[in-house]
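# Close look at the chain arrangement
As a plain string of letters, each chain reads:
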There are 2 protein chains.
Amino acid sequence: MPKSHRKAQTGPPEPIHRIKADFFRTLGHPTRVRILELLRDGELTVGELQTKLEIDSSGASQHLGAMRRQGLLDSRRAGTSVYYRVRDPRTFQLLETARQLISSHLEETHALLGELDDSGEAPRKVGTKG
Amino acid sequence: MPKSHRKAQTGPPEPIHRIKADFFRTLGHPTRVRILELLRDGELTVGELQTKLEIDSSGASQHLGAMRRQGLLDSRRAGTSVYYRVRDPRTFQLLETARQLISSHLEETHALLGELDDSGEAPRKVGTKG
DNA sequence: CATTAATCTTATCATTTTCTAAGATATGCT
DNA sequence: AGCATATCTTAGAAAATGATAAGATTAATG
């Protein structure tokens, strides 16, 4: 039915979906994904993470802070050091499911590349220019 | 050990983590999360999604395209309409795990709020200003 | 209290993402 | 072909995000 151009947003911005989107967006940075993987085997200090990630203290603090605010990480202080750890082990399950999804998409993509020589033409889906 | 400021990135930007981050970033928008939830019970046309989401065709196409490129969605054309569906059901498992993680964080946050009246002061974690 | 080490914060700028508007393509129909 | 509907693409403005640099806190130690 919708045919015309320009149609403005109307209702409230669906806060539930915004919360979920914020959660995923927090995971949407290579350094932050790496931090989670580094913390798979237990807690590490900011300094240790800094070294492994090869970033400065500002970057480390900012990324860690974002993930702590999002509830992904927990921290405790010991002297001048601060240890971070993953708060909920289900976070790793999430990462694993994501890995599977990405993996099967990559395989599919790879399979399609092979068909370029075989079955006549590229089996283009809608919107994929040939 | 690291004490000094400024330390530049050195090695390659870890493409594996970039790929994972891109995946999560694709999920990092309220409209895109909503699209996945709307497609939980099966495929819908762009026009149907447009109506339910109250967005214009440009926005719909852009979001759908991003998710199709990421391998989250699949599409098929039927006449002038295009039907979109979620490619892999594990995507819903991912959403469910995310929901659980968000939920338990919200509960924790809520519990902390309650303590403001009881146990003297706000039990501030590292870095939370009082 | 001064010093040092570790972490956090703020400000600014560059980059990326999203929104909006306009138009281009594709399909079906007469 | 000409027209209508649905979807996609592009371009530029606006908003959000990330990188960098400088400095502020916090805690331990002499």
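Residues numbered from 1 in each chain as written. Chains lettered and ligands numbered in written order. Predicted model: local features only at pLDDT ≥ 70, side-chain atom pairs only at ≥ 80, totals over all residues. Heavy atoms only, no water.

### A short note on the environment of Gly-28 of chain A
Here Gly-28 of chain A lies in the loop between α1 (15–27) and α2 (30–38). Ignoring any residue separated from it by four or fewer positions in sequence, one finds Gly-28 of chain A in contact with Ala-21, Phe-24 and Arg-25 of chain B. (Helix = DSSP H or I, 4+ residues; strand = E, 2+ residues; numbered from the N terminus. Contact = heavy atoms within 4.5 Å.)

### Comments concerning the packing of aromatic side chains
In this structure the tally under the stated criterion is 3 aromatic pairs over all chains. Ring centres of Phe-24 of chain A and Phe-24 of chain B lie 6.4 Å apart, and the angle between their planes is 15 degrees; this geometry places the pair in the stacked category. Within this pair, whereas Phe-24 of chain A is found in helix α1, its partner Phe-24 of chain B is found in helix α1 (residues 15–26), the two belonging to separate chains. For the ring pair Phe-23 of chain B and Phe-24 of chain B, a centre distance of 5.5 Å and an interplane angle of 75 degrees mean the geometry is edge-to-face. Summarising the burial analysis for this pair, Phe-23 of chain B and Phe-24 of chain B share the class buried. Here the aromatic residues Phe-23 and Phe-24 of chain A together with Phe-23 and Phe-24 of chain B are joined through ring pairs into a cluster of three or more. Above the ring of Tyr-83 of chain A, the side-chain terminus of Arg-76 of chain A is found at 4.3 Å from the ring centroid. (Phe/Tyr/Trp six-rings, centres within 6.5 Å; stacked < 30°, edge-to-face > 60°. Buried < 20%, exposed > 50% of the residue type's maximum accessible area, 1.4 Å probe, protein only. Lys NZ or Arg CZ within 6 Å of the ring centre and 35° of its normal.)

### Notes on the pattern of salt bridges
Tallied over the full model, the rule gives 15 salt bridges over all chains. With a shortest N-O distance of 2.8 Å, Asp-88 of chain A and Arg-90 of chain A are connected by a salt bridge. Given the relative accessible area of 13%, Asp-88 of chain A is considered buried. Using a relative accessible area of 29% as the deciding quantity, one classes Arg-90 of chain A as partly exposed. One salt bridge connects Arg-76 of chain B with Glu-43 of chain B, and the closest N-O pair in it is separated by 2.5 Å. With a gap of 33 residues between them, Arg-76 of chain B in strand β2 (residues 73–78) and Glu-43 of chain B in the loop between α2 (30–38) and β1 (44–45) connect regions that are remote in the sequence. When salt bridges that share partners are traced, they join Glu-108 of chain A together with Glu-43, Asp-74, Arg-76, Arg-85 and Arg-87 of chain B into one network. (Salt bridge = Lys/Arg side-chain N within 4 Å of Asp/Glu carboxyl O.)

In short, the description is geometric, and any link to function would need to be established separately.
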